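Coordinate analysis (summary)
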Amino acid sequence: MNGLLLPLPETILVVLGLFLLGRRWRAARRGGGLVVAGTLAALLLEFVLPRQSGFYGFGLYLWDGTALFFQVFVLAATACCALLGLLTGARPRWPFLLFSAAGLVLQAAVNDFLLLFLAWTASFLPAALALAGGREASAAEEEASVKTLFLAMVGGVLLALGIALIFGVAGSTRFDVVAGVLETHDLTPALAAGLLLVLAGLGFTIGAVPFHFWAPDAQQGASIPLSAFLAVAFKGAGCAALLRVLDLPFGGVAVEGVALAALALTAVLSLALGSLAGLPQRNGKRLLGYAGIAHAGFFLAALAANSRAGSHALCFLLVSYFLAVFPVLAAIALSASPTGGRPQPGTLAAFAGLGRRAPLLAWAAALGLASLAGIPPLPGFFARFLIVAAAWQGGQYGVAAAAVLFSVPLLYGALALIRAIFVEEPAEEAPLRLEPGMRAFLAGGVGVTLFCGLWPGPLLAWLGRLF
């Protein structure tokens, strides 16, 4: 196969972004429709292009089952973000969202540290510009944009320093070349420091402790589609990059425990802070931000297992997280409006009585919250079970115990919102009318969530065939 066709999905996103950038409806409804169509076209290409596993582009690009899963994940998340924006009336700066998505898609198939750095930068900087929101941006959006941009610069510096140290020792930035050097040489302090710095830079992408500071504020200040994009697509691409780095250039080092110790410690800290800091939160978007930090701990726990079962558990949790976030954000967007004296969107008061005003929206949001909290038989529970089992089998007993222990605070936060939805009195009794498109979006999400929770076999079998 011609290697020039491999980055065709990323090319479609960039070309469409450039097209929208020069049009007056770049933030209008028609622009959102083009974003949905473009991302779905790129998603379709992932399955129809005649690709073969191997290295392309002078060894910089690696196509395999791992690349397929994570690229499909990011593209599906981007398409759902754009669709959610259309259905809720949000109009973010679509071109920058597309540019960021292209960088995230590229991260899943890199085989070179410099290309990883370029893809990482190409994802964070446009995301910060998308958060800025233009002249009509609110103070919260401007704050989220500044924090994301500043912390992205910090993460980029750490990533660049780590790559410089690795290049200084190995003499190359290609993953396979670095792996070959490690097979014949001992791990030096400089190379170990480079690995840890690279992991720290990638930790910003998934919002892991202590690189989590931007995540809750950015998600709270962002519009609904951008909040979903930061919560889902960024975590998927970050996990892909971490999996690549730990599997290809540093697979042997990970077995020796250098990377595993850092992953285990960061996993426990992320689980603890994300779950405990989420307890006092009464804003749905901010609660999702801290739940995302806790989920970063679960992702790292799966990676610390250092096994094929851990990789499959990581991917299954990503899918369950994907299915849980979108209905909750849809409920936040539709349950209240900041005008007319009604409660602010996303607060407990806004969720109050939603079960009577919009039953489908309420049940979809409740299932999403329950899956985030790990309540059986939803996919979030099964994913946690797989991660705990993989961590225990990999000898990470402390991480496995922390994953079980810190699931309890997440359960409390989710149940508080579910109680508001079904038990508390609504601020107004008028039914909340949903468009047919939103009803189909929610019903489809509920169906897939129940399917993955009650019958996880097909998804796990597909993952087993991929890698």
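Described in the following lines is the structure provided in the data block. Keep in mind that what you see is a predicted model, and the values were worked out from it rather than measured.

Definitions and cut-offs
- Residues numbered from 1 in each chain as written.
- Predicted model: local features only at pLDDT ≥ 70, side-chain atom pairs only at ≥ 80, totals over all residues.
- Heavy atoms only, no water.
- Helix = DSSP H or I, 4+ residues; strand = E, 2+ residues; numbered from the N terminus.
- Rg over C-alpha atoms; globule rule 2.2 N^0.38 Å.
- Buried < 20%, exposed > 50% of the residue type's maximum accessible area, 1.4 Å probe, protein only.
- Contact = heavy atoms within 4.5 Å.
- Salt bridge = Lys/Arg side-chain N within 4 Å of Asp/Glu carboxyl O.
- 1 Å grid on protein atoms, 1.4 Å probe; cavity = no way out; pocket = protein on both sides within 12 Å on 5 of 7 lines; lining within 4 Å.
- Points joined across faces, edges and corners; volume = space filled by probe spheres on them.
- Nonpolar A, V, L, I, M, F, W, Y, C, P; charged D, E, K, R; others polar.
- Expected span 1.5 Å × (residues − 1).
- Arc of directions from axis to C-beta.
- Patch = residues over 30% accessible without salt bridge, like charges linked within 9 Å, V, L, I, M, F, W, Y side chains within 5 Å.
- Areas by Shrake-Rupley, 256 points an atom, 1.4 Å probe, with all protein chains shown as cover.
- Phe/Tyr/Trp six-rings, centres within 6.5 Å; stacked < 30°, edge-to-face > 60°.
- Axes fitted to C-alpha atoms, helices over the stretch in contact; angles between N-to-C directions.
- Parallel < 35°, antiparallel > 145°, perpendicular 65-115°, else oblique.
- Left-handed = near helix turned anticlockwise from the far one by under 90°.

On to the overall build of the protein. The helix and strand tally for the protein stands at 22 helices and two strands. In terms of C-alpha radius of gyration, the protein reaches 21 Å, essentially the compact-globule figure of 23 Å for 467 residues. If one aligns the C-alpha atoms of the protein with their principal axes, the spans along those axes are about 70 × 50 × 40 Å. Split into buried and exposed, the 467 residues of the protein put 60% on the buried side. Contacts in the protein between residues far apart in sequence, at least 24 positions, make up 80% of those at least 6 positions apart.

Here we come to the pattern of salt bridges. In total, this model carries four salt bridges according to the counting rule given. Measuring nitrogen to oxygen at the nearest pair gives 2.7 Å for the salt bridge that ties R244 to D64. On the criterion of sequence distance, the pair formed by R244 in helix α10 (residues 224-247) and D64 in the loop between β2 (61-63) and α3 (65-88) is long-range, its members being 180 residues apart. Salt-bridge contacts for D176 lead to R174; the nearest nitrogen and oxygen are separated by 2.5 Å.

The next subject is empty space enclosed by the protein. Applying the stated criterion across every chain yields a total of two cavities of 30 Å³ or more. Here the largest cavity is characterised by a volume of approximately 130 Å³. What lines the largest cavity is a set of 15 residues, among which L287, A291, L372, L410 and A414 lie closest to the centre. Mapped onto the lining of the largest cavity, the elements with two or more residues apiece are α13 (284-304), α17 (359-373) and α20 (407-422). For the lining of the largest cavity, the class distribution of residues is ten nonpolar, five polar and no charged.

Here we come to helix α18 (residues 379-393). With 15 residues, α18 should reach 21 Å at 1.5 Å per residue; the first-to-last C-alpha distance of 21 Å fits that figure. Along α18, the residues that are buried comprise P379, G380, A383, R384, L386, I387, A390 and A391. Down the axis of α18, the buried set is contained in an arc of 160°. They therefore lie on one face. When the buried face of α18 is taken as reference, the exposed residues oriented beyond 90 degrees from it are W392 and Q393. Downstream of α18 by a residue or two, G395 has a phi angle that is positive, lying close to 85°.

This part covers the environment of V178. The residue V178 is located in helix α7 (residues 175-184) in this model. C-alpha separation for the pair V178 and L21, spaced 157 residues apart in sequence, amounts to 39 Å. Filtering out sequence-adjacent residues up to four positions away, V178 remains in contact with F113, I166, A170, S172, P249 and F250.

We now examine a nonpolar patch on the surface. Together, L450, F451, L454 and W455 give the surface a local cluster of nonpolar side chains, amounting to about 430 Å² of exposed area. Looking at where L454 falls in the secondary structure, it is placed in helix α21 (residues 436-454). Owing to a relative accessible area of 60%, L454 belongs among the exposed residues under this scheme.

The topology assignment puts A430 in the loop between α20 and α21. Assessed through its relative accessible area of 38%, A430 is described here as partly exposed. Between the C-alpha atoms of A430 and A358, which are 72 residues apart in sequence, the distance is 9.6 Å.

One can find H212 in the loop between α8 (189-206) and α9 (214-221). On the accessibility criterion, H212 (9% relative accessible area) is buried. Those residues in contact with H212 that sit more than four places away from it in its chain are G207, L273 and I293.

Any aromatic ring pair is given by two values, namely how distant the centres are and how the planes are angled relative to each other. For the structure on display, the rule yields 18 aromatic pairs. Here the aromatic rings of F113 and F175 are separated by 4.6 Å at their centres, their planes lie at 65°, and the arrangement is edge-to-face. Of this pair, F113 sits in helix α5 (residues 113-132) while F175 sits in helix α7, and the two are 62 residues apart along the sequence. By the burial criterion, F113 is buried, and F175 matches it. Members of the aromatic cluster, joined through ring pairs, are F69, F70, F73, F322, F326, F441 and W462.

At a minimum axis separation of 12 Å, α5 and α10 run at an interaxial angle of 170°. Of the possible angle classes, the one that applies to α5 and α10 is roughly antiparallel. When α5 is examined against α10, the residues F113, L116, S123, F124, A127, A130 and L131 are found in contact with a partner set consisting of L226, L230, F234, A241 and V245.

Next up on the list: the packing of helix α4 (residues 94-107) against α10. Packed helices, taken two at a time, are described by the angle between their axes plus the distance between the axes. Two elements in contact, α4 and α10, have axes separated by 8 Å at closest approach and are oriented at 20°. Judged by the angle between their axes, α4 and α10 are roughly parallel. Note on packing geometry: the crossing formed by α4 with α10 is left-handed. Between α4, through L97, S100, A101, L104 and Q107, and α10, the contact on the second element is made entirely by L226, F229, A233, F234, A237, G238 and A241. Classifying every residue of the contact of α4 with α10 gives nine nonpolar, three polar and no charged.

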